[in-house]
Amino acid sequence: MNENLQDIVERLETMKIGVDEPFRFHCTMCGECCMGRQDILLNPKDIYGIAGELGLTPKRFLYKYCEAYIGDSSRIPVVRLKPCGEGEPCPLLVDKRCSIHKVKPTICAMFPIDRVLKVETDSILEEEIKTDQIQYIFTNPGCGDETEKHTVREWLGRFEIPLEDEFFIRWQGTVLKLSRIFREIEDVMDKDIMEMLRAAVLAGLYLNYDTEKAFMPQFKNNVQQVLEIMCMESLKEGDWQNPSGFCGI
């Protein structure tokens, strides 16, 4: 493990917080946490919820408020809210208030709590991910005040984010699986095909939703279709050995 990674791991250990462990934070609605942020990453459920609230299709919402790029380490498409204007405020901030408060992105709803999935190896299967591998982190936000005391359990409950979050586990498992596939094939696959595959993953995972219908059945179906496309194209393309059994779906 290199020194930078070791430093990150050590700091995470000191920031961990149990689900019933208290922390002090009161949001004073100053809007500071919505300014100059380049890290408001959106998952498919966020896009589905926000697009529905705004009366937009997920595709229209992405093109109007977001940008997509390829993750440095994951190598899969990542979507984030794109800051705009003086001071780079969140594009959904209106008069220093969140205009989509009840469906705000998960990362915003949980602030200043974050959660990570602790896995020993990136070859872990989605079916092997357990709730007790979800760890929570409290980071001093540098805004608000400390006049209120909360627990992680209560804090997440405000936005109906369950501790046993089926979507979070399925999403993390999907990210792990797709990341392994892309890292295996991107150096041997034709660049045009890689662009096509990434476009298919972006559309399939993030945009292919009817906001008038339930989210989870659509998400599960989309994940299955994306993985089938990835495996079909990967195996058709060439000689890589599929060492991790990606296509056992």
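Here the residue numbering is sequential within each chain, running from 1 through the sequence in written order. With the structure being a predicted model, the display of local features is reserved for residues of pLDDT at least 70 and the display and counting of side-chain atom pairs for 80 or more, all residues being used for whole-chain, interface and lining totals. Hydrogens and waters are ignored; side-chain quantities use all the structure's heavy atoms.

Student: Quick one: what's the story with the overall build of the protein, residue by residue and with numbers?
Tutor: Scanning the protein from N- to C-terminus turns up eight helices and 10 strands. Any residue under 20% of the maximum accessible area for its type is buried, any over 50% is exposed, and the rest in between are partly exposed; the area is computed with a 1.4 Å probe on protein chains only. A total of 249 residues make up the protein; the buried ones form 41% of that total. Considering only contacts in the protein between residues 6 or more positions apart, those separated by 24 or more positions represent 73%. Surface accessibility in these figures is a Shrake-Rupley result with a 1.4 Å probe; residues are shielded only by whichever protein chains are displayed. As displayed, the protein has an accessible area near 14,000 Å², and 50% of this comes from carbon and sulfur atoms. Strands here mean DSSP runs of E at least two residues long; helices mean DSSP runs of H or I at least four residues long; both are numbered from the N terminus. By definition in these notes, contact holds between two residues if any of their heavy atoms fall within 4.5 Å.

Student: A description of the environment of Lys82 should follow, citing residues and the corresponding values.
Tutor: Checked against the element boundaries, Lys82 lands in the loop between β5 (77-81) and β6 (93-94). In sequence terms Lys82 and Ala68 are 14 residues apart; their C-alpha atoms lie 9.3 Å from each other. When sequence neighbours within four positions are dropped, the list of residues in contact with Lys82 reads Tyr65, Cys66, Glu67 and Pro91.

Student: I'd love a proper account of the side chain of Asp46, names of residues and values included.
Tutor: Here Asp46 shows up in helix α2 (residues 44-54). None of His or the chain ends enter the tally, which takes Lys and Arg as positive and Asp and Glu as negative. One side-chain nitrogen of Lys or Arg within 4 Å of one carboxyl oxygen of Asp or Glu is enough to make a salt bridge. There is no salt bridge for the buried Asp46, and the closest opposite charge comes from Arg115, which lies 7.7 Å off by N-O distance. Polar contact criterion, stated in full: a pair of N or O atoms within 3.5 Å, where within protein one must be able to donate a hydrogen and the other to accept it, and residues adjacent in sequence count only if both atoms are side-chain atoms. Within the local environment of Asp46, its side chain forms a polar contact with the side chain of Thr106, the two groups lying 2.8 Å apart.

Student: Requested: an account of the sheet that holds strand β4 (residues 66-70), with residues and values cited.
Tutor: With respect to topology, three strands assemble into an open sheet ordered β3-β5-β4, the strand pairing being antiparallel. This sheet does not close on itself; its edge strands, each paired only once, are β3 (41-42) and β4. Any two strands between which DSSP finds at least two bridges are classified as paired. Relative to β5, β3 runs antiparallel, the two being bridged by two bridges. Paired with Leu42 across the two strands is Val79, which belongs to β5.

Student: Run through the packing of helix α6 (residues 166-185) against helix α7 (residues 191-207), naming residues and quoting values.
Tutor: In a packed pair of helices, the relevant descriptors are the angle between the two axes and the axis-to-axis distance. Axis lines are fitted through C-alpha atoms, for helices just across the contact stretch, and the angle between N-to-C directions can take any value from 0 to 180 degrees. Look at α6 against α7: their axes get within 12 Å of each other, and the N-to-C directions meet at 175°. Classed by the angle they form, the pair α6 and α7 counts as roughly antiparallel. Across the interface between the two elements, Trp171, Thr174, Leu178, Phe182 and Ile185 from α6 touch Met194, Leu197, Arg198, Val201, Leu205 and Tyr206 from α7. Residue polarity is assigned by list, with Asp, Glu, Lys and Arg as charged and Ala, Val, Leu, Ile, Met, Phe, Trp, Tyr, Cys and Pro as nonpolar; anything else, Gly included, falls into the polar class. Taken together, the residues of the contact of α6 with α7 break down into nine nonpolar, one polar and one charged. Here the angle decides the label: under 35 degrees means roughly parallel, over 145 means roughly antiparallel, 65 to 115 means roughly perpendicular, and every other value means oblique.

Student: Run through the sheet that holds strand β1 (residues 16-17), naming residues and quoting values.
Tutor: One open sheet accounts for three strands, arranged β1-β9-β8; its pairing is antiparallel. The strands lining the two open edges of the sheet, one partner per strand, are β1 and β8 (113-117). Inspection of the sheet shows β1 paired to strand β9 (residues 134-138) by two bridges, in the antiparallel sense. Bridge pairing links Lys16 to Ile137 in β9.

Student: Give a detailed account of the nonpolar core, specifying residues and quantitative values.
Tutor: Residues belong to one nonpolar core when they are buried, are Ala, Val, Leu, Ile, Met, Phe, Trp, Tyr or Cys, and are joined through side-chain atoms within 4.5 Å. Phe61, Leu81, Leu178 and Met230 are the most contacted members of the largest nonpolar core, which has 42 residues in total. Looking at this core, the elements that each hand over two or more residues are α2, α3 (58-65), β5, α6, α7 and α8 (215-237). Tallying contributions element by element places α8 first for this core, with eight residues. Not counting residues up to four positions away in its chain, the partners in contact with Phe61 are Leu42, Ile47, Ile50, Ala51, Leu54, Leu56, Cys66, Leu81 and Leu92. Residues Ile17, Leu117, Ile134 and Trp155 belong to the second largest nonpolar core, which totals 17 residues.

Student: So what's going on with the side chain of Lys104? Residues and values would help.
Tutor: One can find Lys104 in the loop between β7 (97-98) and α4 (106-110). The buried charged residue Lys104 lacks any salt bridge, with Asp46 as its nearest oppositely charged partner at 11 Å. Separated by 3.4 Å, the side chains of Lys104 and His101 make a polar contact. For Lys104, the residues in contact, after removing those within four places along its chain, are Asp46, Cys98, Ala109 and Phe159.

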